[in-house]
Amino acid sequence: MATPSKLTLFLSSWPTRLALAMVALVVVMAVFAPWLSTQDPMFLDPAVRLKGPSPDHLLGTDAFGRDLYSRIIYGSRVSLMVGAGVLAISIAFGVVLGALAGYFRGLDSIIMRIMDGIMAIPAVLLAIALVAVSGSSLYTVIIAIAVPEIPRVTRLVRSIMLSVRGEPYVEAAITLGTPPAKVLLRHMLPNTVAPLIVQGTYIFASAVLIEAILSFLGAGIPPEVPSWGNIIADGRSYFQLIPGLVLYPGIVLSLTILTINMIGDAARDALDPKLAARN
Amino acid sequence: MLLIILKRLAATVPVLLVVAVVIFSVLRLTPGDPAAIVAGDGATVQQIEEIRRHMGLDQPIPVQFFKWIGDVLQGDFGTSLISNLPVKDMILDRMGPTIAITLYTVLYTVIISIPVGIISAWRRGKAVDKVVTAGSVLGFSVPVFITAYVLIFIFSMALGWLPVQGYRPLSEGLWPHIKHLILPVASLGTIYIALVTRFVRSSIIDTLGEDYIRTARAKGLNERSVLIHHALGNAAVPILTIIGITITMLIGGVVVTESVFNIPGLGRLVVEAILAKDFTIIQALIVLFSVVDIVINLIIDILYKVFDPRIDS
């Protein structure tokens, strides 16, 4: 199948287009946050604590008198940075480890046993422990979420490498005396691109979700930073009084994760016709 | 058979070892001195030194590692840095609610996911299937705590049918016990139902394409019998596997759910330990949850070797 038709296939359904629009909206929120927000998201104004929506405060204010709307706008920055950071780290490590395991049989069992071990530890708990010991900051949160994702990428890349290894064009390249590095980079790794695009989308969504969970539990981004998880954590004590403090950021967070997952599904269907036939 | 089980058991040893090394290194080798964290901001150098000796942190790293492993193998998880109680007792004390939530969630998931997944696969491409497919993407995209707050908003605050939070053990009566667990299990279950339904659906679609299904239909069996005996029977192994794989995710969800609903289980203990920087408890609970995960997957592996002899070791 030629490339343009894959793109057309990807863009063919209206839910996918809606999902792309929503993700684009979040990106716009993050990039233009200073212009879109109506107030400094950290500005405390005790005079307007826990007020409902008004022209001054579109979604009302939290327990410290901070503007909820502006905090939600700025929260998109944290979520996108965490998503992108986790994606970059887990793909970089996962591809290198997976390629090594899939190509060099001697390294395979060592690398995969270590990956099995990491995968047996519940991801949220491992991330919580990593943040708890190294202190909460954007960087520790990104690393803490990325570590449990690495084995998933490694497994995926390894399994593709193993299945491609037996292909005639790879055998031919090896027989012709092509150096291993070139066989890997030119002939084998390109096969991982399409599955990694799909997996990468899911990793991004999962990173946004786990960041929110960590911040919600008090083991994530420092509490004063407006991240969606923090905003919800701040609002939970007042939930029965003002449900919007939890529900508004919750809706934005859920929609973001939902639309990224939808894009992942659409990418999978477009890039893998065999799977698409099933779904 | 026994040989297969023994082989599978032996294969978990390296995994357990890696788990132990990872957990140990995370808590001992990352920057940040546990003794200083426990001592607090105002502590003097002598106090920190005292705590370090008390925690055994002045010993060489390998010595600390093997001492810890030895203790854990004997069921000794150490003493809580904050409460000074044995961690083992604190865990035993908090296990009940967590076991209840997990068990009910798995049951609820199986009861909903299997029929819904089968119907969705059978009616593939029809309206029912589209609703189920869209619903499952939605189900695993919404974070547990958001689902939980929405459910609290509807059923506790607006309708007043169910308690907002809290927990009652079974010994205080069946209805109070269930009443307090309906919302937690419903919130946590949403994600797993979404994941498992999606998986049941695609497994059944796979088996429905097989030759023996065509044979079964050709010899005139009714659809119900084809779906239940032939399709579900053969999709059972992958379905069981996905339930095993999602157990780790379920554990993460339990931590959040217990925190939202203020349920005094192991998940809340984790959160309390993080806030109090009690590393002995964090370490013990991660080991415990990882071992539970490994054991459950081990049992599932052995089970389907029993049920499906075609799978070789």
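Residues numbered from 1 in each chain as written. Chains lettered and ligands numbered in written order. Predicted model: local features only at pLDDT ≥ 70, side-chain atom pairs only at ≥ 80, totals over all residues.

## A look at the overall build of chain B
Then step 1. For chain B, the count of helices and strands is twelve helices and zero strands.
Then step 2. Helices (α) and strands (β) of chain B occur, in sequence order from the N terminus, as α-α-α-α-α-α-α-α-α-α-α-α.
Then step 3. Taken over the C-alpha atoms alone, chain B extends approximately 85 × 55 × 35 Å along its principal axes.
Then step 4. Across the 313 residues in chain B, those meeting the buried criterion constitute 36%.
Then step 5. Residue pairs at least 24 apart in sequence account for 70% of intrachain contacts in chain B once pairs closer than 6 positions are excluded. (Helix = DSSP H or I, 4+ residues; strand = E, 2+ residues; numbered from the N terminus. Buried ≥ 20, exposed ≤ 12 C-beta atoms within 10 Å, placed from the backbone. Contact = placed C-beta atoms within 7 Å.)

## What about the overall build of chain A?
Then step 1. Helix and strand content of chain A: 13 helices and zero strands.
Then step 2. Reading chain A from its N end, one meets helices and strands in the order α-α-α-α-α-α-α-α-α-α-α-α-α.
Then step 3. Across its three principal directions, the C-alpha atoms of chain A cover 75 × 45 × 30 Å.
Then step 4. The burial tally for chain A puts 47% of its 279 residues in the buried class.
Then step 5. Contacts in chain A between residues at least 24 apart in sequence constitute 68% of all its contacts with a sequence separation of at least 6.

## Comments concerning the packing of helix α10 (residues 193-217) of chain A against helix α10 (residues 223-260) of chain B
Then step 1. It is at 11 Å that the axes of α10(A) and α10(B) come closest, and there the two elements cross at 40°. Comparing the axis directions of α10(A) and α10(B) gives the class oblique. Where α10(A) crosses over α10(B), the handedness of that crossing is left-handed. Between α10(A) and α10(B), the residues in contact are A:Ile213, A:Phe216 and A:Leu217 and B:Val255, B:Val256 and B:Ser259, respectively.
Then step 2. Tallied by class, the residues present in the contact of α10(A) with α10(B) amount to five nonpolar, one polar and no charged. (Axes fitted to C-alpha atoms, helices over the stretch in contact; angles between N-to-C directions. Parallel < 35°, antiparallel > 145°, perpendicular 65-115°, else oblique. Left-handed = near helix turned anticlockwise from the far one by under 90°. Nonpolar A, V, L, I, M, F, W, Y, C, P; charged D, E, K, R; others polar.)

## Some words on the interface of chain B and chain A
The extent of an interface is frequently quoted as the accessible surface area lost upon association of the parts.
Then step 1. Contacts between chain B and chain A engage 41 residues on the former and 41 residues on the latter.
Then step 2. Those elements that place two or more of their residues in the side of chain B that touches chain A are α1 (2-29), α6 (127-141), α7 (144-158), α8 (174-208), α10, α11 (266-276) and α12 (279-307) of chain B.
Then step 3. The element that contributes the greatest number of residues to the side of chain B that touches chain A is α1(B), accounting for eight residues.
Then step 4. Across the side of chain B that touches chain A, the residue classes break down as 30 nonpolar, eight polar and three charged.

## Some remarks on the packing of helix α2 (residues 14-31) of chain A against helix α12 (residues 244-271) of chain A
All names here are of chain A.
Then step 1. Put simply, α2 and α12 touch, their axes get as near as 9 Å, and they point 135° apart. What the angle tells us is that α2 and α12 run oblique. Like other packed secondary-structure pairs, α2 and α12 cross with a definite hand, here left-handed. Taking contact as the criterion, the partners of Pro15, Thr16, Ala19, Leu20, Met22, Val23 and Val26 in α2 are, on α12, Leu255, Thr256, Thr259, Ile260, Met262, Ile263 and Ala266.
Then step 2. Of the residues belonging to the contact of α2 with α12, the class tally is eleven nonpolar, three polar and no charged.

## Digging into the confidence of the model for chain B
Then step 1. Of the residues in chain B, 95% have a pLDDT of 70 or more, and the chain-wide mean is 83.
Then step 2. Across the assembled chains, the prediction reports ipTM 0.83 with pTM 0.87. (pLDDT = per-residue confidence, 0-100.)

## Some details on the environment of B:Leu285
Then step 1. Tracing the backbone shows B:Leu285 in helix α12.
Then step 2. Along the sequence, B:Leu285 and B:Ile251 sit 34 residues apart, while their C-alpha atoms lie 11 Å from each other.

## Digging into unusual backbone geometry
Then step 1. In this model, B:Asn262 sits at a positive phi of 55°, which is unusual for a non-glycine residue.
Then step 2. Examined against the element boundaries, B:Asn262 turns out to sit in the loop between α10 and α11.

## What to know about the environment of A:Ile72
Then step 1. Relative to the elements of secondary structure, A:Ile72 occurs in helix α4 (residues 68-103).
Then step 2. The spatial distance from the C-alpha of A:Ile72 to the C-alpha of A:Val31 is 13 Å, given a sequence separation of 41 residues.

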